[in-house]
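Single-letter residue listing:
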Amino acid sequence: MTSVMSFRRHALLPVFLLTAALGTAFGQTRITPPPNKYSPADDVKAGQEASQEAMKQLPMLNDAATEEYVQGIGQRLVAAIPPELQHPEFHYTFRVVNQKDINAFALPGGPMFVNRGMIESAHDEGEIAGVMAHELSHVVLRHGTAQQTKATPYEVGAVAGQILGAIVGGGLGSIIAQGSNFGISTYFMKFSREYESQADIEGSQIMARAGYNPIDMANMFHTLAAQGGSNGPQWLSDHPDPGNREQRIRQEAAALHFNGQGLTNTAEFNSIRSRLAGMSPAYTAEQIAAQNKRGGYNNGNGPVATSGRNNGGRIVQVSAPSGSFRTYQPSQGLRVSVPSNWMQVDAGQNSVTYAPDGAWFTDNSNNSAFTHGVEIGVAQGTGNLQNDTNALLRNLSQSNPQMQQSGKARNDNVAGRNGLTVQLANVSEVTNQPEYISLSTTELNNGSMLYVIGVAPRNEAGTYDSAFKKVRQNLQVSDR
Ligand SMILES: [Zn+2]
């Protein structure tokens, strides 16, 4: 991945210089940012606050490879912002939201969120870059605060609060919680046609300077229009066609003398696409709304780890287990309390799994694995707990060949009865890193065995072990 990145930068350089030079010589449209009574620092403050809100209400994908890929596109575009529109205060960040709906939004001052559904619907990297360049142009032209300037021309007050009020509207939380179909972006910005036209043209110029073909932005509008059911995707209603959109972009591309094919990076695009296809499905707006009713998401504030993949494994970053617990009743007679930032990610006939966001994986053959969380299930038993536990261990070893017992089974409280807990060492098939497993078992009245399997990376075992202990002790089974 590193070599591809540096190769691409070298390849990009001549294109950048060429189009920058031609751009000045020929007739590219000069965009003047609309009047704005706020300072760039106000943009940053409003964007930061809204970004923190978004992080609480949206599930981040937390997949380093995908995130690096999108950041790479974003950084190439940022490097192509014209000098007169550069704001030193702005800080551009790019996050991928694990949401199926085709959408993306950018906040004042730089934070951008791209839905996984947007990446999955694009035909090539240029189309992704097209949406991102359009979003980025709204940011550099400061359309969010300019819109607010128009809305309240005579008021001066608590600036950031005002902007945030207008952008987030106090409705961000409540609307999402109501289970609306509308994306989060509705409540951030709905721009005028004038602003849309500006973002199309500025975006075309940024794309060309970054080495992308501006026509790909027009292509993405086609792709968007072709998807998303009766009303089309949310993105199109948030960014209405200012009229002759495609024609205007082609005109600008011609003025920029962009004749090249433009960056496509097909190999990397395809590899990210198949990577996404191998993950468990992205969340729908309805699922996200339901999770927000249950307290939202705990994505943390830090960026995803950006170091390279280790041993070919994935880098997984999830939030620590919440101190507060939430109770589920996955079946009649079973009550499970898990940290409130864990969700039910899988349920089969004999087992149910709870994991934090970003910790659950399925591959193309529908094999699943989790890196953090618990699986609770029922297995056949003989009435001898030690023998039944050993049988389950042998069974688990078949799908986890590197798994090894560390120390002897000890007596433990499981679901309020006498049970056993065994600690195991494994190597995660997701991350290729050492993994900690705790297996707890107890007999049920009907002769079957209840088990609880806790999984965490070995270097997080301490944090997770106390959560596993609470889960097994608080389990309630009515089998009497
Ligand atoms: Zn727009």
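Predicted model only: the values in this text are computed from it and were never measured. Here, residues in each chain are numbered from 1, in the same order as that chain's written sequence. In keeping with the predicted nature of the model, local features appear solely for residues at pLDDT of at least 70, side-chain atom pairs appear and are counted solely at 80 or more, and the whole-chain, interface and lining totals rest on all residues. Only heavy atoms go into the side-chain values, all of them from the structure, while hydrogens and water stay out.

### Comments concerning the coordination of the zinc ion
So, step 1. Donor atoms: N, O and S within 2.8 Å of the metal, or within 3.2 Å for Na, K and Ca. Because water is excluded, sites can look incomplete. Protein-derived ligands of the zinc ion are His134 (NE2), His138 (NE2), Glu196 (OE), Glu196 (OE) and His239 (ND1), with the metal-ligand distances lying across 1.9 to 2.3 Å.
So, step 2. Read in sequence order, the donor residues for the zinc ion give the motif H-x3-H-x57-E-x42-H. With His134 in helix 5 (residues 125–140) and His239 in the loop between helix 11 (234–238) and helix 12 (245–255), this residue pair connects regions lying 105 residues apart in the sequence. Exposure class is identical for His134 and His239. Each is buried. In this description a helix means any DSSP run of H or I spanning at least four residues, a strand means any run of E spanning at least two, and both kinds are numbered starting from the N terminus. Categorising residues by exposure relies on relative accessible area from a 1.4 Å probe, with only protein chains included: less than 20% of the type maximum marks a residue as buried, more than 50% marks it as exposed, and the intermediate range marks it as partly exposed.

### Quick look at the packing of aromatic side chains
So, step 1. Here the aromatic set is Phe, Tyr and Trp, taking the six-membered ring for Trp, and pairing holds for ring centres within 6.5 Å; pairs whose planes are under 30 degrees apart are stacked, those over 60 apart are edge-to-face, and all others are tilted. Under the counting rule described, the total for this entry stands at six aromatic pairs.
So, step 2. Centre to centre, the rings of Phe90 and Tyr92 are 6.3 Å apart; their planes meet at 70°, and the pair counts as edge-to-face.
So, step 3. Members of the aromatic cluster, each reached through a chain of ring pairs, are Trp342, Tyr464 and Phe468.
So, step 4. In this scheme, Lys NZ or Arg CZ marks a charge over a ring once it lies within 6 Å of the ring centre and within 35 degrees of the ring normal. A cation sits over an aromatic face here: Arg245 above Phe221, 4.0 Å from the ring centre.
So, step 5. Over the ring of Tyr328 we find Arg326, and its NZ or CZ is 4.5 Å from the ring centre.

### Considering the sheet that holds strand 16 (residues 476–477)
Note: strands within a sheet are paired through backbone hydrogen bonds, in either parallel or antiparallel orientation.
So, step 1. What the three strands build is an open sheet, ordered 4-5-16; its pairing is antiparallel. Among the strands making up the open sheet, the edge pair consists of strand 4 (325–331) and strand 16.
So, step 2. When DSSP finds at least two bridges between two strands, those strands are taken to pair. Pairing of strand 4 with strand 5 (residues 334–339), which is carried by five bridges, proceeds in the antiparallel orientation. Bridging from a neighbouring strand, Arg326 pairs with Val338 of strand 5.

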